Each structure stands twice: as C-alpha cells, then as structure tokens.
Amino acid sequence: MRRNLALFAVMLVAGAGIWYAADRPAVQIEIEPGGHAFVASLFSRAALPETVSVRQAGSHTVIRIVNHDTHRHQLGPFDVEAGRVRDFVVAYAGTFGGFCSAHEMSKQIVFVVE
C-alpha cells in the first residue's frame, strides 16, 4: 500500500512537471461559429479586443488561433482556414496590425508583442 502511494505521488509530480513545461502559446484566440472571437486563457475567456497585448515567452512567442467557424478568418497579419488551428511564431517584439475579419465595426486589430 505504501509503495503504491509513493508511486502515485511520483507519477503525479511527473505529470504536473510535463504539463507545466509543455509549449503553450503566449496568446490563444478562439473564433466561434458566426465569427465571434475570444482571447482564451487557462481560467477565463474574454471578447477579442482591438489591441491584443502579448508578452514574449522565451526565444520565440507563439500566437495560436483556433477557428471553429466555417469561414476563413484574417486577424491582422495572421490568417487561418475554417476548422483549423494555426500557431504563428513571432521572433521579436513589435507592433503588428491590419485587417480583422472578427471585428465587424472597425475591421482592425493590433498585436503588441512586448
């Protein structure tokens, strides 16, 4: 019994370490059917703002876009086909913007990578 408990504890710690060390995007944007977009994090979800602040993560920063819609979407310099997931690697800090198909009114989005 004691050995089983110790083995379970080792497996739990190893699993937590793998989960923590796994590559995760700096920002994940999810586009729902109908074109409504949200910034998703581990514990929350917020409407996609017109200016997205992205913190650099190590030597490269990943912006992940998950498109659940039936149409292709363009979010500034990043595009994703319908039903696809794409990771975009940003190698340096800067401001990137352009046309945004998820913003019906302004049609603009800016990514600020700092």
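Residues numbered from 1 in each chain as written. Predicted model: local features only at pLDDT ≥ 70, side-chain atom pairs only at ≥ 80, totals over all residues. Heavy atoms only, no water.

A. Inspection of the layout of surface pockets at higher detail. In this structure, the largest pocket occupies an estimated 270 Å³ of space. For the lining of the largest pocket, the secondary structure elements donating two or more residues are β1 (27-31), β2 (37-40) and β4 (51-54). Tallying contributions element by element places β1 first for the lining of the largest pocket, with three residues. Counted by class, the lining of the largest pocket contains eight nonpolar, three polar and two charged residues. (1 Å grid on protein atoms, 1.4 Å probe; cavity = no way out; pocket = protein on both sides within 12 Å on 5 of 7 lines; lining within 4 Å. Points joined across faces, edges and corners; volume = space filled by probe spheres on them. Helix = DSSP H or I, 4+ residues; strand = E, 2+ residues; numbered from the N terminus. Nonpolar A, V, L, I, M, F, W, Y, C, P; charged D, E, K, R; others polar.)

B. Seen up close, the side chain of Glu-30. Following the sequence through the fold, Glu-30 ends up in strand β1. Engagement of the side chain of Glu-30 in a polar contact is seen with the side chain of Gln-28, the distance being 2.9 Å. The residues contacting Glu-30, other than those within four sequence positions of it, are His-36, Ala-37, Phe-38, Ala-40, Arg-45, Val-66 and His-68. (Polar contact = N/O pair within 3.5 Å; in protein donor to acceptor, adjacent residues only side chain to side chain. Contact = heavy atoms within 4.5 Å.)

C. The arrangement of unusual backbone geometry in detail. Non-glycine residue Lys-107 carries a positive phi angle of around 60°. Mapped onto the fold, Lys-107 is located in the loop between β9 (94-99) and β10 (108-113). Given a relative accessible area of 34%, Lys-107 falls into the partly exposed group. (Buried < 20%, exposed > 50% of the residue type's maximum accessible area, 1.4 Å probe, protein only.)

D. Here's a closer look at the sheet that holds β4. If you trace the three strands from one edge of the open sheet to the other, you get β4-β10-β9, paired in mixed fashion. Edge positions in the open sheet fall to β4 and β9, since each of these has one partner strand only. Looking at each pair of strands side by side, their axes are set apart by 15° on average, direction ignored. Direction of pairing for β4 relative to β10: parallel, over a ladder of four bridges. Its bridge partner lying in β10, Ser-53 is registered against Val-112. (Pairing = 2+ DSSP bridges. Axes fitted to C-alpha atoms, helices over the stretch in contact; angles between N-to-C directions.)

Note that every value here comes from positions in space, so none of it alone points to a role or purpose.
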